[in-house]
Every structure is written in structure tokens, then in C-alpha cells.
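Chain residues, written in single-letter form:
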Amino acid sequence: MICFASFPATSDASGSYGTTRHHPDVEDDVRMDLDEDDFEEGVQRLTVPGESITSSHAFMRGHGTYVDDEEVIASVAGTVERVNKLITVRAVRSRYNPEVGDLVVGRITEVQPRRWKVDANSRQDAVLMLSSVNLPGGVQRRKLESDELQMRTFFEEGDLLVAEVQAFFADGAMSLHTRSLRYGKLRNGQLVTVPPILIRRLKSHFVSLPCGVDLILGLNGYIWVSKHVKQSDQEGEEGFDAEAVYSNKNDEIDDATRAAIARVSNIIKVLASHFVPLTDAVLLEAYEWAVDQENSVKDLLADETGENLVASIGLGIRP
Amino acid sequence: MSSRIEILNDGGFRSDGRKQYELRDITIDLSQQGTADGSAMITHGLTQVLVTVFGPREAKMRSQTLHDRAVLNVEMSVAPFSTGDRRKRSRADRRILELSAMIASTFEPVVQTTLYPRSQIDIYIHVIQQDGSLLPACINATTLALITAGVPLHDFVCAVTGGVHSTSPLLDLTTLEENDVPHMTVAVMPRTRKVTLVTMETRLHVERFRELFELACEAGQTIHKEMKAAVKERTVALVGAIDAGSKPGVVDERDRDVFMGESI
């Protein structure tokens, strides 16, 4: 009874979906109820909000689902995952969902009494307590009143830092810590933001590319691209050098390194726009391709070059 | 109400050549817009709306946060060139504020806001072209944008306008028809067939209401299929891209002089 008028075809995007279209009556949903064997190995099931997944008697509901009328129903669009009796739906793109132990890159948004607020691409700003940072003058020492008064000498609004998720507060906000020599303030580089789902958990999120560029792949989708720093320099003599750790000054960066940093950043942007999960191997291959093309760094961002780049590594969204 | 144009002619056709129950062509574009978490552009005939969603994120105004759920913040802007007569509407225009409040209250029961205490979800609506059925287009686009942002929803929200010309109901009105016939907007959640919004700005005969209301709910189901197909298609494309990239062996383990920080 109700159908669509094919008028007017203004946009050529209309052909981009639903190549085969049936009459609405034919296309009626095949509602599937899941049995045990419906979750076969390697078979991915996609779902959309409001779609019934299974009955709630046999299964437990996890993230991305809710129970209504004894049915487990999806609340986000993504892939259905099952662990034993637990059904979860993983959204294909969403904000960062923190877990304890994750490495994140963040930006200070606010200085409050005995704590900093950090933007980490999550649903709330993260909290970095004064007691969970390394204080100058010895790695392990109690915080003093004088430290509270000079918090801005450690981190100011706008400063970038790398930290680890330590715990959660009752309302779900995350608490960070930087009590490691690898963590702390970031300098000598630039920040690139990608969807968090593109960054997978790796053995190490500190990556050194052979082109003299270091990467910190924050699980929240923030990536720090910086000049390579030798491991020995990083740690300092005593193991901790407050001057160097909380410094706001960049080191001298030569032109070649600057170009390399910009090239890597642009490659990450291109790969992210084609939804390619980032690994060191993919980045390296893309970097080699980019150098071979002998284009200038900014040309990488052109649509055509980007598509060639992604095609050359054989990944990305296929039309 | 006398009119110069013929809303429904003797052959049963409307001014733009549609039948009574015929909806206008829908196109949906779910591509990424800038740094937004989710975005959707929907076209109902000549009405075109772009919605971007940011969040859930830290609330800008701390006084407005709720300790047990997220706040939905809807802001709407209407392009000056979107209507026949070019005029600039300010952000504080009463009509615009009313529409945004209506959209916020439509989505309040649908978005699972309790999962995000103390956060804020920003919904920015840009009206690019309008030719009737503006509110339904905004609601449909907002649903899609929230889905692309990965915000948990109980269900889709599918909206459509319906009007009555003498005794014959019409669906998906254009501006021409909206000016002439009594009409209402209905937003439904297709799975449970619950209604989240019914609004009327004109007077409609009470005996016509039931028929029109049921028809609009039915049309919501049809629109749902269209929206679902678009979301599915995007999900398949993105999941496909991720799978291709994370499969071991696609990028072979060539001479790896990339060293991970730990191993030095």
C-alpha cells in the first residue's frame, strides 16, 4: 500500500545502497531466533538497534543489548559476539570504552584541587590525581603541600600526556596514572585522532618506525607521532629527570624528521578515513609506498592518492 | 480553506504526481563528517537535513549535568537558502527552539541515557533544504546519526507526516500541501510499534484522526526498512574493512625491522 515515489533523483548517492531492491512486501524481515549452533565459528552476525537477537532464557545480555519481553535485543549497530552464554553487540564505531590497564593519550582540560581533568575521547573526562604522577626529586615520594600549589608546573591546560587507566570511579569516569618512566608529558611531535576501534590491543603501544619516528598508539584513538628518542636518553641518568619529563620545550628537530613526522601523520589520517585498522606493519608498508611515490607530504591527503595508497596495501572499504 | 492549487486531482494524483499513500524518494548518506562521532544526511524528496552527533562526552556546562543519566542537547540551524523566500533565522527563533525541544523529547525515552551518567550528547541539526515534512526528516536523520555514533538506542525512530484532504488521507506532505490541509506528524518505534511523538499544528477532524494515525504508523514501518537497509550497508562496509585489516597474513610478516618498544 505504501511505497516510494522515485522523484526526484537529485543525488547520485542514491545508487550507493540497496542495489537489489524488492517490493516492500517481499522484503519482510526474516526474524531469526538463535540456537546454539547459529554462532558458528567465523560467521559474523551483524545487527541494528531494535533487532531481536535471541531469547533471554538461554542467554545473558551484555553490552550493546537490552532485555524486553524475554528477548535479548540489540541497542547498537555492529557485530554480535558471544562468550559462552553472554551475548554482546560491539558497535562498529563509538567513543572509547576504557578498561583498566589500557594505554591512553590525553589532553589536560582543567586543573582542579589535587587532580587534573584529562580529555581522553571517552564519555567523560578522565581524572589524573596528583598522587598518581611521578613527582620531581625521586620516583617514589609522598606528595607535599608545595606540590599541590605548583601543579601547573607539571601539567597545564592543553598539555598532552600518555598515561595508563588505573581504576574507575563509581560513575564510570576513569582514573589515570603516569607512574612509569614511559608515561608523562608529550613533546616533539603531533597528535592524530582516529576512531578508537581501529587501534587494537598490541603487545606494546610504543612503536618505533625505522624512519626516525616514534608512535604512541593510545587505545582511545589518539595517536602521538613524534621524533625518535633514544631509549637511554628517555630514562635519564638517575632514572628520573623532572626537568626533562615536565619540560615544555621541544628538542631541535631537523627538516627530514619533520617531513617524516608529517608523512606518517598524513598516512594515519588517510588509513583512518578508509577504516583500516592500524598496525605497525601496515603503517610501514604505507610509508614505503608513500616514499616511493616521491610526492610531497601534503599530496598524500588528496582523495586520489589516498585511494591509491589504500589499494596498494589491499585494504579498506570495498565498494 | 479554499486554495488555488488542486491537492488531489480527479485521477487521484497529487500536485507532484504522487498517489495518496506514496512517499517521496528517500536517500540516506551515512558518510563521516569531520570530527563528529556520528552523522547522517537524509533527503525526503526536496527536504534535506544533515545531522551530526557528538558524544557522549563531558558536559560543557557542569550545572546542567545529571548524576544518573546523560543530557540530550539538540541544536538546530536552518540555512537561509533552504526555503523559497530567503531569510535568516536566528538560533533563538521560537519556531526553531520549539522544533529542537520536540526532537529532544522524542529521543529522551529512546536513547539509553542511563548508561552515560554526567555526560552530554550533542545533536546538531542543519536544515539544508525544506519542502514540507521537516520535523520527520530531522527525526529520521537524528536516529541515523545516533546509530552511526554508536549511541545505544532502544529502537529506530521513524517519523512521517500525514494530512487529510476532504476525506482522503495523504502521506509525506510537501510545503504546498502542508499549507493547505490539516496535518500531523507521527514518530514510531517500529519493533514495539510504540509512538514517541504525535504533534499537530492544525485542527483535524476527530473522526479522521484514527485512520490517519494508523496509516502514519504503517508508513513508519516502511521508512524503517529503508533506514535499516542503509545502516546495514554501512555496517557491512566498515566491518569488512576492519576484518580485512586485522586478518593475519594479509600484510605478511616481511623483514620486520619495525621493533616494538619493549624488545629493545
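Since we're looking at a predicted model, the values are computed, not measured.

## Examining the overall build of chain B
Of regular secondary structure, chain B possesses four helices and eleven strands. A total of 264 residues make up chain B; the buried ones form 56% of that total. Restricting to contacts in chain B with at least 6 residues of sequence separation, those with at least 24 account for 68%. Total accessible area on chain B stands at roughly 11,700 Å², and carbon and sulfur atoms take up 51% of it.

## Considerations on the side chain of T65 of chain A
Considering the arrangement of structural elements, one finds T65 of chain A in strand β5 (residues 65-68). Using a relative accessible area of 3% as the deciding quantity, one classes T65 of chain A as buried.

## Considerations on the UniProt feature "domain: Exosome complex component N-terminal" (unreviewed entry) in chain A
Sequence positions flagged by UniProt for "domain: Exosome complex component N-terminal" (unreviewed entry) are, in local numbering, residues 46-83 of chain A. Structurally, residues 46-83 of chain A comprises 0% helix and 58% strand, and the distance from its first C-alpha atom to its last is 16 Å.

## Some thoughts on a nonpolar patch on the surface
All names here are of chain A. A surface patch of nonpolar side chains, amounting to about 270 Å² of accessible area, comprises M60, V83 and L86. The residue L86 is located in strand β8 (residues 86-91) in this model. Using a relative accessible area of 31% as the deciding quantity, one classes L86 as partly exposed.

## Section: the environment of T279 of chain A
Here T279 of chain A shows up in the loop between α5 (255-273) and α6 (280-293). Separated by 80 residues in sequence, T279 of chain A and I199 of chain A have C-alpha atoms that sit 7.7 Å apart.

## Topic: the packing of helix α1 (residues 94-107) of chain B against helix α2 (residues 134-148) of chain B
Residue and element names in this part refer to chain B. One way to put it is that α1 packs onto α2 with a least axis distance of 11 Å and a crossing angle of 45°. Relative to α2, α1 is oriented oblique. Between α1 and α2 lies a crossing of right-handed hand. Contacts between α1 and α2 pair L99, M102, I103, T106 and F107 from the former with L134, L135, C138, I139, T142, T143 and L146 from the latter.

## Re the pattern of salt bridges
Here the structure, examined in full by the defined rule, presents 25 salt bridges over all chains. For the salt bridge of R201 of chain A with D102 of chain A, the shortest nitrogen-to-oxygen distance reads 3.0 Å. One end of the pair, R201 of chain A, is in the loop between β15 (189-193) and β16 (206-209); the other, D102 of chain A, is in the loop between β8 and β9 (103-112), and 99 residues separate them in sequence. Members of the salt-bridge network, linked through shared partners, are R14, D16, R18, R24, D131, D172 and E177 of chain B.

## Points about the sheet that holds strand β9 (residues 183-189) of chain B
Residue and element names in this part refer to chain B. With respect to topology, four strands assemble into an open sheet ordered β8-β7-β9-β10, the strand pairing being antiparallel. Since the sheet does not close on itself, it has two edges, and those belong to β8 (168-171) and β10 (194-200), each with one partner. Between one strand axis and the next, the sheet turns by 25° as a mean value, whatever way the strands run. Against the sheet, α2 touches β7 (158-165), β9 and β10, its axis set at about 165° to β7. Set on the sheet, helix α4 (residues 206-246) makes contact with β7, β8, β9 and β10; between it and β7 the angle comes to about 145°.

## A word on the sheet that holds β5 of chain A
Residue and element names in this part refer to chain A. Strand order in this open sheet of three strands is β3-β6-β5, and the pairing throughout is antiparallel. Edge positions in the open sheet fall to β3 (52-55) and β5, since each of these has one partner strand only. On average, each strand axis in the sheet is inclined to that of its neighbour by 30°, with strand direction left out of account.

## With respect to the nonpolar core
Of all hydrophobic cores here, the largest spans 66 residues; its most connected members are V49, I121, I123, I125, I139, L144 and L146 of chain B. In terms of residues, this core owes the most to one element, α2 of chain B, which gives ten residues. Setting aside residues up to four positions removed in sequence, I125 of chain B forms contacts with V49, L50, V51, V74, E75, M76, S77, I103, C138 and T142 of chain B. Within the second largest apolar cluster, 61 residues are counted, among which are I197, V213 and A260 of chain A together with A241 of chain B.

## As for the confidence of the model for chain A
Residues and elements named next belong to chain A. Per-residue confidence for chain A gives a mean pLDDT of 83, with 80% of residues at or over 70. Throughout residues 7-20 the model reports pLDDT below 50, and contacts reaching past four residues in sequence, or to other chains, amount to 14 contacts. Counted against residues more than four places away or in other chains, residues 27-37, with its pLDDT under 50, gives 18 contacts.

## Brief notes about the side chain of H44 of chain B
Residues and elements named next belong to chain B. Summarising the element assignment, H44 is placed in strand β3 (residues 38-44). Owing to a relative accessible area of 3%, H44 belongs among the buried residues under this scheme. Among all residues touching H44, those that are not within four sequence positions of it are R24, D25, I26, A137, N140 and D172.

## A look at α2 of chain B
An ideal rise of 1.5 Å per residue puts 21 Å on 15 residues; α2 of chain B measures up with 21 Å between its terminal C-alpha atoms. Phi turns positive one or two residues past the end of α2 of chain B, at G150 of chain B, with a value near 75°.

Cut-offs applied
Residues numbered from 1 in each chain as written. Chains lettered and ligands numbered in written order. Predicted model: local features only at pLDDT ≥ 70, side-chain atom pairs only at ≥ 80, totals over all residues. Heavy atoms only, no water. Helix = DSSP H or I, 4+ residues; strand = E, 2+ residues; numbered from the N terminus. Buried < 20%, exposed > 50% of the residue type's maximum accessible area, 1.4 Å probe, protein only. Contact = heavy atoms within 4.5 Å. Areas by Shrake-Rupley, 256 points an atom, 1.4 Å probe, with all protein chains shown as cover. UniProt positions renumbered as here; feature names shortened; annotations may be inferred. Patch = residues over 30% accessible without salt bridge, like charges linked within 9 Å, V, L, I, M, F, W, Y side chains within 5 Å. Salt bridge = Lys/Arg side-chain N within 4 Å of Asp/Glu carboxyl O. Axes fitted to C-alpha atoms, helices over the stretch in contact; angles between N-to-C directions. Parallel < 35°, antiparallel > 145°, perpendicular 65-115°, else oblique. Left-handed = near helix turned anticlockwise from the far one by under 90°. Pairing = 2+ DSSP bridges. Core = buried A, V, L, I, M, F, W, Y, C linked by side-chain atoms within 4.5 Å. pLDDT = per-residue confidence, 0-100. Expected span 1.5 Å × (residues − 1).

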